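Spelled out, the chains give:
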There are 2 protein chains.
Amino acid sequence: MAETNLQILLKRRPQGAPVPGDFDIVESAVPQPGAGEVLVRAKFLSLDPYMRGRMSDAKSYSKPVELGAVMEGQTAGEVVASNHPGFAPGDQVLGGFGWQRYSVRPGAALFKMGGDSAPLSASLGVLGMPGLTAWKGLEDIGEPKAGETVVVGAASGAVGQVVGQIAKIRGCRVVGVAGGKDKCDYAVKELGFDACLDHRGDLKAQLAEACPNGIDVYWENVGGDLQAAVLPRMNDFGRVVVCGLIAEYNDTVARPGPNLRLVLVKRLRIQGFIVSDKDGWARYPGFRQQMVAWMGEGRMKFREDIVQGLRNAPEAFIGLLQGKNFGKLVIAVD
Amino acid sequence: MAETNLQILLKRRPQGAPVPGDFDIVESAVPQPGAGEVLVRAKFLSLDPYMRGRMSDAKSYSKPVELGAVMEGQTAGEVVASNHPGFAPGDQVLGGFGWQRYSVRPGAALFKMGGDSAPLSASLGVLGMPGLTAWKGLEDIGEPKAGETVVVGAASGAVGQVVGQIAKIRGCRVVGVAGGKDKCDYAVKELGFDACLDHRGDLKAQLAEACPNGIDVYWENVGGDLQAAVLPRMNDFGRVVVCGLIAEYNDTVARPGPNLRLVLVKRLRIQGFIVSDKDGWARYPGFRQQMVAWMGEGRMKFREDIVQGLRNAPEAFIGLLQGKNFGKLVIAVD
C-alpha cells in the first residue's frame, strides 16, 4: 500500500471530447482526519458518464468541478483511521471521495457496507448509484407493464443492464441497443434481453423488426441518432425516461431535438431525472435487498469492466465516452 | 329558419395553410331521424385549431376527415324531431354534429343542456371541450402550485383564457402570451393575468422581465418561436403541458425541436394529452359545476368571437390559424 496520496485533478475544461491533458495527476501527503472525521483508502473508483458534465461550466444540475480540484466520483474503500464512533479501521465504506487514493470525510457522509454477501465493487454499479438510477427511473417514470416493449440504450452499460433486467422481471419485451456484437450477445445470452441491436447498423430497420408492436418505454441513455430512430416508433402514451445522452456529451453545439408534434399526437411523456431527486437515497435499502435477492436467484446479473490503477482513470474515462468499456467501468485503486 | 340543410365538406387536403378552395359548401335535403335517432338543428358551431389536423392524412390521434365528408366539429343546437325517449323537440343539446345546419344522431351521442344558467354557446368554450381541456391538463400534468410561475401561450384563446384563470385561482403568477396589444390588455385587465407578452415583440427579453423567478409550468398551445424562447427559462422540475402547436400546424416540414439535454439537466416533464384521454368526459359534471360557480363569483370570465353564418366558417377557420380571432371562435349557424 502506497504511503502517499495520489490525486487526479481537473486541469482545464475540455473542448469537445476530453483528452489526457485535461487532467493533472499529482502525489501529495496523506491527509489526517479531524474531529468526527474518517480517513478512507479507496479500493474502487466508479467512472460514470455524468462526470463529463462536471468537467464543463455549462449550467447543469450540479456545480462543475473547480479547475485544480480533485475530480468528483463515488468510491468504495476501507477505513484507515477514524475519529467518528460509528467507524473503525477495516470497515468497508461507500462515499463520494473523488478520484484519489486517500480522503478524509465526516463520518456522516459515509455509508457502511458489509451487511450482505455482495462484492464491494458491486456497490458502485448494480447495487450502487447506477442500479438505483435504473430502479427509480423505471418505478417513477418508465412504469413498464407486462407485455409492453421497452427499448434500452447503452444496454450493456452500468444502468442499461439493470434497466433491461428489471423490465424482463416485470414481464416486458426488452430490446437493447449497444455497440458491437459482443455487447449485444451479452445482453441477449447473459442478461436475457429479447433482442439487442448494434447501433452501428441500420437502426431504423432493426427497430422495425425488433419492435413489431411499437415501443412503450424508451430508456434514454444515448441521444443522437438512436433517439431520432426510436421516437417515431413510440406507441400512444409512451414514456421516455431521460437518464443520459452519452452520444451528445462531447458536442460543442447542441443538436436539434424532437419536434413536439409527436408528443402531442401520441400523448408521450418525456421526463428527465437524476438519482438524487425527490426522496434521494431513501429507497436504497429496499432496492438493495430486492436486488441482492434477485442476484441470489440468478435473475440479476452484472458485468464489470475493472481497470487496474488510478493513474489509468483519465484514459478509461475518455474511453467510456466512446463506448470502449464493456460493463460497469470501475477503477481498482492501487 | 331555412328548410334545406347546409353542409361544409372537405374538398381537398390543404398544402400548408388552408384556403377557401379546400372546402365545398353544399345544400342538401334535411335528413330524417331513424329509430332511436334525433334530428338536431345547430345553433352554434365550435371552430378549434385541432381541426387542422383532421384535414390532413398524416397519422394523428384521430382519423382524418374523408375527402367529400362533412368537416368534423362540436355543435350546440336544438332538437327538431326525436325518435329517442330522452329527447323532445326544443331540448338544447351538445354533440359532434359537424359543420352543418341539420344532423341526425343517435340519442346516446347527445348531451342534454340547460341545467344551469350558462348561455348555450359557452358550452362550446369555457364550459365545453376547450374548458375541460384546460382543467384536465392542469390537474393531470401542469399541477400548478401556489407561488409558481405559469406561462400560457395563446392567452386570449379558448383554452388559454381558462388555463390562466384557473392558475390564478390556484395562487400562481400567470404570464400570458398573445398577438397584439388588445389581446394582451384583455388578458391582464379582464382576466387578471399578472402580465401578457406580445409575441410579435422580443419574446426572450419580455420573458426575462416577466418571469424573474423562471417558469414552472408552460402551457404549450403554440410551438415555434415561443417554445424556443420559453424552454431555456424553465425551472428545475418544470412541467410542459403539450396541448397544441398552432404556430406549426401549417408547416409542411417539421421544425427541429428542443434538445433533450434541457429535459435531463432540469428534470423537466414534457407531456402531451388530449381531452378525451383516460377518463374522457367523466370529470365533466364536476368541472362544469365548479366553473359555473366561479363564473357566478366573477372569477372565471370568458370572451367569445362569434361569427354569423355557417358559410363564413371556412374563412373564420383560416383566420383562427393566423390568430385573427379574439376569444373563443364560434359560428352562429343561420
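As shown above, the structure is provided for reference.
(A) Summary view of the packing of aromatic side chains. Scanning the entire structure with this criterion turns up 18 aromatic pairs over all chains. Ring geometry for Trp219(A) and Phe273(A): centres 5.9 Å apart, planes at 85 degrees, overall edge-to-face. Taken together, the positions of Trp219(A) in strand 11 (residues 215-220) and Phe273(A) in the loop between strand 13 (269-272) and helix 8 (284-296) put the pair 54 residues apart, joining distant regions of the chain. Taken as a pair, Trp219(A) and Phe273(A) share a single burial class, namely buried. When the ring of Phe23(B) is compared with that of Trp99(B), the centres are 5.6 Å apart and the planes differ by 15 degrees; the resulting orientation is stacked. Of this pair, Phe23(B) sits in strand 2 (residues 23-28) while Trp99(B) is found in the loop between strand 5 (92-95) and strand 6 (102-106), placing the two residues 76 residues apart along the sequence. Accessibility expressed as a relative area gives 6% for Phe23(B), which makes it buried. One aromatic cluster is present, formed by Phe111(A), Trp135(A), Trp281(A), Tyr284(A), Phe287(A) and Trp294(A) through successive ring pairs. When the ring centre of Tyr186(A) is taken as reference, the NZ or CZ atom of Arg303(A) above it lies at 5.5 Å. One Lys or Arg, Lys112(B), reaches over the ring of Phe87(B) and ends 5.5 Å from the middle of that ring.

(B) Summary view of the interface of chain B and chain A. In this complex, chain B contributes 33 residues to the contact, which on the side of chain A involves 33 residues. Taking both sides of the interface into account, the surface hidden between chain B and chain A amounts to around 2,800 Å²; carbon and sulfur atoms contribute 62%. It is Leu260(B), Leu264(B) and Arg267(B) that lose the most area in chain B upon contact with chain A, and together they represent 23% of the buried surface on that side. For the interface between chain B and chain A, the tally reads 2 salt bridges. Seen at the junction of chain B and chain A, the total is 12 residue pairs in polar contact (both at pLDDT 80 or more). Going through the elements one at a time, strand 12 (234-242), helix 7 (261-266) and strand 13 (269-272) of chain B are the ones with two or more residues in the side of chain B that touches chain A. Its residues placed into classes, the side of chain B that touches chain A shows 18 nonpolar, 7 polar and 8 charged.

(C) Structural detail: the pairing of strand 5 (residues 92-95) of chain A. Pairing geometry for strand 4 (residues 75-82) of chain A and strand 5 of chain A, over 4 bridges, is antiparallel. Considered in strand 5 of chain A, the bridge of Glu78(A) is made with Gln92(A).

(D) Representation of the relation of the copies chain B and chain A in the model. Mapping chain B onto chain A leaves a residual RMSD of 0.0 Å; the transformation is a rotation of 180 degrees accompanied by 0.0 Å of translation along its axis. The transformation relating the two chain copies, once decomposed into turn and shift, fits a two-fold axis.

(E) Representation of the pattern of salt bridges. Residue and element names in this part refer to chain A. Scanning the entire structure with this criterion turns up 40 salt bridges over all chains. Glu78 is the salt-bridge partner of Lys43, the closest N and O atoms lying 3.3 Å from each other. Of this pair, Lys43 sits in strand 3 (residues 37-46) while Glu78 sits in strand 4, and the two are 35 residues apart along the sequence. Connected via shared salt-bridge partners are Lys136, Glu139, Asp140, Lys278, Asp279 and Arg283.

Conventions used here
- Residues numbered from 1 in each chain as written.
- Chains lettered and ligands numbered in written order.
- Predicted model: local features only at pLDDT ≥ 70, side-chain atom pairs only at ≥ 80, totals over all residues.
- Heavy atoms only, no water.
- Phe/Tyr/Trp six-rings, centres within 6.5 Å; stacked < 30°, edge-to-face > 60°.
- Helix = DSSP H or I, 4+ residues; strand = E, 2+ residues; numbered from the N terminus.
- Buried < 20%, exposed > 50% of the residue type's maximum accessible area, 1.4 Å probe, protein only.
- Lys NZ or Arg CZ within 6 Å of the ring centre and 35° of its normal.
- Contact = heavy atoms within 4.5 Å.
- Buried area = accessible area lost by both parts, 1.4 Å probe.
- Salt bridge = Lys/Arg side-chain N within 4 Å of Asp/Glu carboxyl O.
- Polar contact = N/O pair within 3.5 Å; in protein donor to acceptor, adjacent residues only side chain to side chain.
- Nonpolar A, V, L, I, M, F, W, Y, C, P; charged D, E, K, R; others polar.
- Pairing = 2+ DSSP bridges.
- Least-squares fit on C-alpha atoms with pLDDT ≥ 70 in both.

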